[in-house]
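Inside the fold
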Amino acid sequence: MDSPHSYLICDATLATMAGSDPAYGLIPGGLIVVQDGWIRWSGPEAQLPKDYADWPRVSMGGRLITPGLIDCHTHIVFGGNRAMEFEMRLNGASYEEVARAGGGIVSTVSATREASLELLVQGALPRLDALIAEGASVVEVKSGYGLDRETELNMLRAARRLGELRPVTVKTTFLGAHATPAEYKTRDDAYIDEVCIPALRAAHAEGLVDAVDGFCENIAFAPAQIERVFKVAQELGLPVKLHAEQLSHQGGTALAAQYGALSVDHVEYATEDDARAMAASGSVAVILPGAFYTIRETQAPPIEHFRSHGVPMALATDCNPGSSPLSSLLLTMNMGCTLFRMTPEEVLAGVTCNAARALGLTDRGQISADMRADLAVWDVETPGELAYRIGFNPLYTRIYEGKQ
């Protein structure tokens, strides 16, 4: 042993998520070799290499260990809230009607523009802490509630700051093409050219952007408008992802696949042709049951098409002030099972290995050699219990970069 941060995790069942045979990549009586924040080896105790035999051991008392959870789609940085819209929808207004009446995304913009960087950070921390408390080690955070240059940059600065204040990896996504602000009403093209694209260039120059997103929908932007943003992302060497086919079929999925998107998110109205295109491009389908549930959507995403064409499925909270005020990945997993008939193994993969893929992360989401030692230890007997319970958190401890 050549480091004080080298040790063995023992007395545990490992859900490695590194293979489907057996289910969950399950290893009863497993060991994990941790060195300086990385996994150097994992497997059954009987196969432990002799080089590690005398390393210190940390017992997990027979508990289940999974990779640290990953929330690959959130909007946790914002000002204000939209509880009033919640009441409007309960009184019969649809999501589209709320948006067209001046609500929806645009209604959050004013409060977000008025908030200082520090207020944005302090407002987001409780939401981030809720995710960490359920075993999250990576959280993606989008901009998109500023819709002007400085507020978009401030949102991304706040997201970066979150990663400095908490032991968690924060991946930032520029979402300037989220909605058209009031001052550009009916001038969507002008907004894209005069605000969105210049803000993207400025954010990239400041080192604030890991990926670029957009909202392709009949209440947001058309594929041709999104493509202008994607071309700039491509020029800057940034990967893309897309909110697509949430409320209707606009052709966003095909566009995203054409640009090799990391992920296509929501996808309730995606078709089998869309699934084929995503399979060919390697794009992940990010399933967001919180939004489906909150806006009382009835069109479920085409899970069977994704399965049959081998499209990897991730799962995320979509935590935001309007359509998905959800900050629990465990509840998200349960919703994936109950609302969309995904299996417990699919939803666990959706918040581990497939969520990592949706963020372009190759060193997270599995328990295997050369992966980051980001782990979640659970007081459960089987992995299926994580999706089975409702409103219960069985996390025993979280290990981030090899440290509890």
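Residues numbered from 1 in each chain as written. Predicted model: local features only at pLDDT ≥ 70, side-chain atom pairs only at ≥ 80, totals over all residues. Heavy atoms only, no water.

1. Section: the overall build of the chain
- Helices and strands together make up the secondary structure of the chain, namely 15 helices and 14 strands.
- In terms of overall dimensions, the chain is globule-like: its C-alpha atoms have a radius of gyration of 21 Å, near the 22 Å expected for 404 residues.
- Seen through its C-alpha atoms, the chain measures out along the principal axes to roughly 70 × 40 × 40 Å.
- Per-residue burial over the chain gives 60% buried out of 404 residues.
- Sequence separation of 24 or more characterises 72% of the internal contacts of the chain that already satisfy a separation of 6 or more.
- Averaging the coordinates of the 32 positive side-chain charges in the chain and doing the same for the 50 negative ones gives two points 2 Å apart. (Helix = DSSP H or I, 4+ residues; strand = E, 2+ residues; numbered from the N terminus. Rg over C-alpha atoms; globule rule 2.2 N^0.38 Å. Buried < 20%, exposed > 50% of the residue type's maximum accessible area, 1.4 Å probe, protein only. Contact = heavy atoms within 4.5 Å. Lys, Arg positive; Asp, Glu negative; His and termini not counted. Charge placed at Lys NZ, Arg CZ, Asp CG, Glu CD.)

2. Things to note about helix H3 (residues 105-114)
- The set of residues buried in H3 consists of Ile 105, Thr 108, Val 109 and Thr 112. The buried residues of H3 occupy an angular sector of 120° when the element is viewed end-on, so they sit on one face.
- Those residues of H3 hidden inside the fold are in contact with helix H4 (117-133), helix H5 (149-165) and strand E8 (211-216). (Arc of directions from axis to C-beta.)

3. A closer look at the environment of Leu 339
- Summarising the element assignment, Leu 339 is placed in helix H12 (residues 329-340).
- Of the residues examined, Leu 339 reaches a relative accessible area of 33% and is grouped as partly exposed.
- Along the primary structure Leu 339 and Gly 290 are separated by 49 residues, whereas in three dimensions their C-alpha atoms are 10.0 Å apart.
- Once you skip the residues sitting within four places of it in the chain, Leu 339 turns out to touch Pro 289, Phe 292 and Tyr 293.

4. What about the nonpolar core?
- Within the largest apolar cluster, 97 residues are counted, with the highest numbers of intra-cluster contacts made by Ile 287 and Phe 306.
- The greatest single-element share of this core, amounting to 10 residues, is contributed by helix H6 (residues 188-205).
- Filtering out sequence-adjacent residues up to four positions away, Phe 306 remains in contact with Val 267, Ala 270, Ala 275, Met 278, Ala 285, Ile 287, Val 311 and Met 313.
- If you look at the next biggest cluster of nonpolar residues, it comprises 16 residues, including Ile 27, Met 60, Leu 375 and Val 377. (Core = buried A, V, L, I, M, F, W, Y, C linked by side-chain atoms within 4.5 Å.)

5. As for the packing of H6 against helix H7 (residues 223-236)
- As a packed pair, H6 and H7 sit with axes 10 Å apart at the nearest point and diverge in direction by 20°. By the angle between their directions, the pair H6 and H7 is classed as roughly parallel. In terms of crossing hand, the pair formed by H6 and H7 is right-handed. Within the contact between the two elements, H6 uses Asp 188, Asp 189, Ile 192, Asp 193, Cys 196, Ile 197, Leu 200, Arg 201 and His 204 and H7 uses Gln 225, Arg 228, Val 229, Val 232, Ala 233, Glu 235 and Leu 236.
- Here the residues of the contact of H6 with H7 are counted per class, giving 8 nonpolar, 2 polar and 6 charged. (Axes fitted to C-alpha atoms, helices over the stretch in contact; angles between N-to-C directions. Parallel < 35°, antiparallel > 145°, perpendicular 65-115°, else oblique. Left-handed = near helix turned anticlockwise from the far one by under 90°. Nonpolar A, V, L, I, M, F, W, Y, C, P; charged D, E, K, R; others polar.)

6. Digging into H7
- End to end, H7 covers 20 Å across 14 residues, agreeing with the expected 20 Å (1.5 Å per residue, within 8%).
- Check the buried side of H7 and you find it contacts strand E7 (169-177), H6, E8, strand E9 (241-244) and helix H8 (252-258).
- Downstream of H7 by one or two residues, Gly 237 has phi in the positive range, about 75°. (Expected span 1.5 Å × (residues − 1).)

7. Focus: the pairing of strand E1 (residues 6-15)
- Along E1, 9 of the 10 residues are buried, which leaves the element largely enclosed by surrounding structure.
- Across 6 bridges, E1 lies against strand E4 (residues 57-67) in parallel orientation. Residue pairing for E4: Ile 9 is matched across the bridge by Val 58. (Pairing = 2+ DSSP bridges.)

8. A look at the sheet that holds E8
- The 8 strands lie next to each other as E5-E6-E7-E8-E9-E10-E11-E12, forming an open sheet whose pairing is parallel. If you trace the sheet from one side to the other, it starts and ends with strand E5 (69-71) and strand E12 (313-315), each paired once. In this sheet, neighbouring strand axes are inclined to one another by 25° on average, regardless of whether the strands run parallel or antiparallel.
- As defined by bridge partners, E9 adjoins strand E10 (residues 263-266) across 4 bridges and the pair is classed as parallel. Within E10, the residue paired with His 243 across the bridge is Asp 265.
- Contacting E5, strand E6 (136-142), strand E11 (284-287) and E12, H12 runs over the sheet at an angle of about 130° to E12.

9. Describing the UniProt feature "binding site: 4-imidazolone-5-propanoate" (unreviewed entry) in the chain
- Sequence positions flagged by UniProt for "binding site: 4-imidazolone-5-propanoate" (unreviewed entry) are, in local numbering, Arg 82, Tyr 145, His 178, Gln 246 and Ser 323. In this structure, the largest cavity is lined, among the annotated residues mentioned, by Arg 82, Tyr 145, His 178, Gln 246 and Ser 323.
- Within the fold, Arg 82 resides in the loop between E5 and helix H1 (83-90).
- Here Arg 82 is in contact with Gly 104, Ile 105, Ser 107, Thr 108, Tyr 145, Pro 321, Gly 322 and Ser 323, once residues within four sequence places are set aside. (UniProt positions renumbered as here; feature names shortened; annotations may be inferred. 1 Å grid on protein atoms, 1.4 Å probe; cavity = no way out; pocket = protein on both sides within 12 Å on 5 of 7 lines; lining within 4 Å.)

10. Comments concerning the side chain of Thr 13
- Structurally, the position occupied by Thr 13 is in strand E1.
- Using a relative accessible area of 18% as the deciding quantity, one classes Thr 13 as buried.

11. What about the sheet that holds strand E2 (residues 26-35)?
- Sheet architecture is open: 6 strands sit in the order E3-E2-E1-E4-E13-E14, paired in mixed fashion. Of all strands in the sheet, those with a lone pairing partner are strand E3 (38-44) and strand E14 (395-399), marking the two edges. Going from strand to strand, the sheet's axes swing by 40° on average, the running direction of each strand aside.

12. Brief notes about empty space enclosed by the protein
- In this structure the tally under the stated criterion is 3 cavities of 30 Å³ or more.
- As a volume, the largest cavity reaches approximately 110 Å³.
- Along its surface, the largest cavity is lined by 13 residues, and Tyr 95, Ile 105, His 178, Asn 320 and Ser 323 are the ones closest to its centre.
- Empty space within the second largest cavity amounts to approximately 50 Å³. (Points joined across faces, edges and corners; volume = space filled by probe spheres on them.)

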